[in-house]
Amino acid sequence: MIRQQIETLRRTLELHNYKYYVENAPEISDFEFDRLMHELQALEEAHPEYADPNSPTRRVGSDLTNEFRSVEHRFPMLSLGNTYSLDELHEFIERIEREVGQAEYVCELKFDGTAISLTYEEGRLLRAVTRGDGRRGDDVTENIRTIRTIPLTLQGEEYPAYFEIRGEVLMPYASFEKINREREEQGEALFANPRNAAAGTLKQQASAVVARRGLDCILYQLAGENLPFASHTEALHEAARWGFKTSDAARLCHTREEIDAFIAYWDEARKGLPFATDGIVIKVNDFATRRRLGFTSKAPKWAVAYKFKAEQALTRLESIDYQVGRTGAITPVANLAPVQLAGTTVKRATLHNAEQIAQLDIRVGDMVYVEKGGEIIPKITAVELSQRSAESQPLQYIEVCPECGTPLVRYEGEAKHYCPNTNGCRPQIIGRIIHFIRRKAMDIEGLGEETIELLYDNHLVEHIADLYRLQAVQLAPLPRLGEKSAENIIRSIRRSKEVPFERVLFGLGIRFVGETTARYLADHFRTLERLMEASREALVEAEEVGEKIADAILEYFADERNRAIIEQLREAGLSFEATARQQASEALAGKSFVVSGKFSIAREELKAMIESHGGKNLSAVSGNVDYLVAGEKMGPEKRKKAEKLGIRILSEEEFMALIAEGEAARPMAAAEEGAQAAQEVAAEEAGAAKELAAEEVIPAPSATDKAPIAGEAVQGSLF
Ligand code: IVH
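As the structure is a computational prediction, the values presented were derived from the model and not from experiment. (Residues numbered from 1 in each chain as written. Predicted model: local features only at pLDDT ≥ 70, side-chain atom pairs only at ≥ 80, totals over all residues. Heavy atoms only, no water.)

A. Summary view of the overall build of the protein. Helix and strand counts for the protein stand at 25 helices and 22 strands. Expected size for 719 residues packed as a compact globule is a radius of gyration near 27 Å; at 29 Å, the protein falls within 12% of this value. When its C-alpha atoms are laid out on the principal axes, the protein stretches across 80 × 75 × 65 Å. For the protein, contacts bridging at least 24 residues in sequence account for 70% of all contacts bridging at least 6. Here the protein displays about 34,100 Å² of accessible surface, and carbon together with sulfur accounts for 48% of that area. The distance from the centre of the 89 positive side-chain charges to the centre of the 116 negative ones in the protein is 2 Å. (Helix = DSSP H or I, 4+ residues; strand = E, 2+ residues; numbered from the N terminus. Rg over C-alpha atoms; globule rule 2.2 N^0.38 Å. Contact = heavy atoms within 4.5 Å. Areas by Shrake-Rupley, 256 points an atom, 1.4 Å probe, with all protein chains shown as cover. Lys, Arg positive; Asp, Glu negative; His and termini not counted. Charge placed at Lys NZ, Arg CZ, Asp CG, Glu CD.)

B. Molecular detail of the sheet that holds strand 5 (residues 124–130). Judged by pairing direction, the sheet is antiparallel, and its 4 strands sit side by side in the order 5-4-7-8 without closing on themselves. Strand pairing shows two members of the sheet lacking a second neighbour, strand 5 and strand 8 (216–223), which therefore form its edges. Strand after strand, the sheet turns through a mean of 30 degrees between neighbouring axes, direction not considered. Two strands pair when backbone bridges link them, and strand 7 (residues 162–170) and strand 8 are joined in this way by 7 bridges, in the antiparallel orientation. Residue pairing in the sheet places glutamate 168 in a bridge with isoleucine 218 of strand 8. (Pairing = 2+ DSSP bridges. Axes fitted to C-alpha atoms, helices over the stretch in contact; angles between N-to-C directions.)

C. Geometry of the packing of aromatic side chains. Scanning the model with the defined rule gives 18 aromatic pairs in all. Measuring from centroid to centroid gives 5.1 Å for tyrosine 265 and tryptophan 266, while their planes differ by 85 degrees, and the two rings are edge-to-face. Overall, tyrosine 265 belongs to the exposed group, its relative accessible area being 51%. Under the relative-accessibility criterion, tryptophan 266 is labelled buried at 12%. Of the aromatic side chains, those joined through ring pairs into one cluster are Tyr120, Phe163, Phe229, Trp242 and Phe244. Between lysine 203 and the ring centre of phenylalanine 68, over which it is positioned, the NZ or CZ distance is 5.7 Å. (Phe/Tyr/Trp six-rings, centres within 6.5 Å; stacked < 30°, edge-to-face > 60°. Buried < 20%, exposed > 50% of the residue type's maximum accessible area, 1.4 Å probe, protein only. Lys NZ or Arg CZ within 6 Å of the ring centre and 35° of its normal.)

D. Spatial organisation of the sheet that holds strand 19 (residues 592–596). With parallel pairing, 4 strands are arranged side by side in an open sheet as 20-19-21-22. The sheet is open, and its two borders are formed by strand 20 (616–617) and strand 22 (648–650), each paired with just one other strand. Taken together, the 3 bridges between strand 21 (residues 627–630) and strand 22 define a ladder with parallel strand orientation. In the sheet register, leucine 628 faces strand 22, and the bridge partner there is isoleucine 649. Sitting on the sheet, helix 23 (residues 636–645) is in contact with strand 19, strand 21 and strand 22, with an inclination near 150 degrees to strand 21.

E. Spatial organisation of unusual backbone geometry. One non-glycine residue, glutamate 122, lies in positive phi territory at about 50 degrees. As for its position among the elements, glutamate 122 is in the loop between strand 4 (114–121) and strand 5.

F. Focus on the site of the ligand. In the neighbourhood of the ligand, 14 residues make up the surrounding shell, with Glu108, Leu109, Glu168, Tyr220 and Lys283 lying closest. Leucine 109 has a polar backbone atom sitting 3.0 Å from a nitrogen atom of the ligand. Lysine 283 places a polar side-chain atom, nitrogen or oxygen, 3.0 Å from a nitrogen atom of the ligand. With the chains in place, 94% of the 520 Å² that the ligand exposes on its own is no longer accessible. Broken down by secondary-structure element, the contributors of at least two residues to the shell around the ligand are strand 3 (105–111), strand 8 and strand 10 (277–284). In terms of residue class, the shell around the ligand is made up of 8 nonpolar, 1 polar and 5 charged. (Near = heavy atom within 4 Å. Polar contact = N/O pair within 3.5 Å; in protein donor to acceptor, adjacent residues only side chain to side chain. Nonpolar A, V, L, I, M, F, W, Y, C, P; charged D, E, K, R; others polar.)

G. Local environment of the packing of helix 3 (residues 86–100) against helix 9 (residues 256–269). Taken N-terminus to C-terminus, the directions of helix 3 and helix 9 make an angle of 145 degrees; their axes are 11 Å apart at the nearest point. Seen along the crossing, helix 3 lies across helix 9 with a hand that is right-handed. Within the contact between the two elements, helix 3 uses Leu86, Leu89, His90, Ile93 and Glu94 and helix 9 uses Arg256, Ile259, Asp260 and Ile263. When grouped by side-chain class, the residues that make up the contact of helix 3 with helix 9 number 5 nonpolar, 1 polar and 3 charged. (Left-handed = near helix turned anticlockwise from the far one by under 90°.)

H. Highlighting the nonpolar core. Within the largest apolar cluster, 58 residues are counted, with the highest numbers of intra-cluster contacts made by Leu467, Tyr468 and Leu569. Among the elements of the structure, helix 12 (426–437), helix 13 (449–457), helix 15 (482–495), helix 16 (501–507), helix 17 (515–525), helix 18 (528–533), helix 20 (547–558) and helix 21 (560–572) are those that each provide at least two residues to this core. A total of 6 residues in this core trace back to one element, the largest contributor, which is helix 12. Residues within four places of leucine 467 in sequence aside, it is in contact with Ile433, Phe436, Ile437, Ile444, Leu447, Val461 and Ile493. (Core = buried A, V, L, I, M, F, W, Y, C linked by side-chain atoms within 4.5 Å.)

I. Broad picture of the side chain of threonine 149. Following the sequence through the fold, threonine 149 ends up in the loop between helix 4 (141–144) and strand 7. Using a relative accessible area of 5% as the deciding quantity, one classes threonine 149 as buried. Not counting chain neighbours up to four residues away, the residues in contact with threonine 149 comprise Tyr21, Val22, Asp216, Cys217, Gly243 and Lys245.

J. Region of the structure containing the pattern of salt bridges. Summed over the entire model, instances satisfying the criterion amount to 47 salt bridges. Among the salt bridges present, the one from glutamate 72 reaches arginine 136, with a minimum N-O distance of 4.0 Å. With glutamate 72 in strand 1 (residues 70–72) and arginine 136 in strand 6 (residues 136–138), the pair connects residues that are 64 residues apart, well separated along the chain. Exposure remark for glutamate 72: the relative accessible area of 38% places this residue in the partly exposed category. Arginine 136 sits in the partly exposed class, given a relative accessible area of 32%. (Salt bridge = Lys/Arg side-chain N within 4 Å of Asp/Glu carboxyl O.)

K. Region of interest: helix 5 (residues 173–185). Taking 1.5 Å per residue, 13 residues should reach 18 Å; helix 5 reaches 18 Å between its end C-alpha atoms and fits that length. Considered for burial, the residues of helix 5 that qualify are Tyr173, Ser175, Phe176, Ile179, Asn180 and Arg183. End-on view of helix 5: buried residues confined to an arc of 160 degrees, all on one side of the axis. The elements touched by buried residues of helix 5 are helix 6 (194–202) and strand 14 (344–350). (Expected span 1.5 Å × (residues − 1). Arc of directions from axis to C-beta.)

L. Representation of the side chain of arginine 270 within the structure. Topologically, arginine 270 is positioned in the loop between helix 9 and strand 10. Overall, arginine 270 belongs to the buried group, its relative accessible area being 7%. Contacts of arginine 270, omitting those with residues within four sequence positions, involve Thr277, Asp278, Phe308, Lys309 and Glu311.

Next up, the structure:
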């Protein structure tokens, strides 16, 4: 029977997938695996009636746009108490022993990725949900299916009929570096670290993209009702038998000394792991003991995370380069003797500015400590003075631009030096063009940094307006392009003429005018003409515009060359006028809002709604505010202040109702579609950030909370 044939193939492929990806011990050749996969694909295509979302053929993902439904966790995903101090860790153990006597502990690595909860029903992956705020997360099942180490169907028959298993989605260093290399080539923003990359990838809209990103997943906790285990080690052991990837590093420890030794070992050994870890998690092993210890409102009392100090490496500072950014800002960059740090080879580090160099008294030839912060490029944190040579000289900061020789200037209140030769300095010119084509600005695809440099050096594009004069025949002969890409680029340039005014304004690259300011300016002045004519006084009247920004705007438009470029852009047909598109209705006209807390949609999306319905967003609660839209976990101070000022506090539902009422009262013919698009952009941008922020958010106890805390509500069944 066809159906049976399909099912056998699926089981076989899933088993070999496990042997290859989880056990790293393939039993059949890649060729044979592919052959079986093609056979299954062909059968599934011929028999769509037997389609199954958990078929191994689905692991390649699809290009369809994913929607991330917000889902309530059946058992909240709690956080862990953490410490950087061994003394505090010892106190944790003493407290436990005071309460329950001698206990057994499992020490595990603390994986530095993004948490996930997988639900299995009858041995099949049903759902995968991100941690979100701990109570609700996003349904990312389609994307999770593409991770090869996550079983779509379980092995054996002894698994519970319904359970959740939790773990960490990781991006191994190798995948991380590959992706960042590709992004760099494409002129896209780089991921700061593997954690951001993993979280960002899980929120990708096309699962086919996720499939190519090389994610991995290690599971470390089960949750469910009536799980038949007495201890964590037992549960992990069983989970591994069902086909989950668990960690080999987990150890059972009985004494403080054993725990300390585990920590000391991994603090060093983790440097050789293929993925990022940021500490050790110490958990009581026995579930009955766990139940006796219980939970605080935020975290279990039976577990704690010991966090490693950021890894440091000592290496020689060989020379300093001075980079010139698109605004002319000079960034000193240290060239280092290559050194291994947190999984990657480090050759460069940022030095920020002259002041920082002076403060640390950094000199060429010094042995320096480097550390990875949240940023992409590591930083120098200290100099090892004991190794400084007697001849070493304090560093002389440059006085002229390394690219064009113009004397550098410093603006008041700015730590950086600037090259003022805005229109004659190559990296500034190229940087501005690259900024202009960015996704958040004109979104011109297919043009990376290298192509822009080529176009500039071949005198095809000297400023942003030249892009609109380009022809495919000029592009096609350039290295790595060819006719097809050339045509795609030209099409993308043509399409960019539809980009709304606020993004064009952002794309111009006026100093200090970021995305948000550009939006406010577009809203306030409505046309570029009016913005160009605005006086300093008129400029500072606009939301979010202070004197510094106002001066930068005046300076930009005072430059004849900029005015000429703008004229050419106008002729090319770019949008220099805020259209009704920004206005979905006038429902909230004249009203000011503060939005705070977490909502079922991204906060940025909610703010975009306020604006698109004519309202204004303010950042702080004050007498000027009409409404405070209060989400989950809004700070109590904000609420108190709003109550004192008599500001109406709205829940998300009340806010939506307010718009609906307003719309009914004040209808307006609006281009709904455009407003929707603006919201989508905002939501997309907010997406990954929201997920990252959630990592540290602790679910607050709530009287109305329906979900039982794992191990509390369902006596004797969970841990
Ligand atoms: S156990 C009740 N084990 O750390 C808490 N968490 O700070 C259950 N994490 O959200 C978590 N490695 O994302 C546990 N071996 C490990 C872990 C681990 C990483 C993460 C997890 C959690 C966060 C808590």
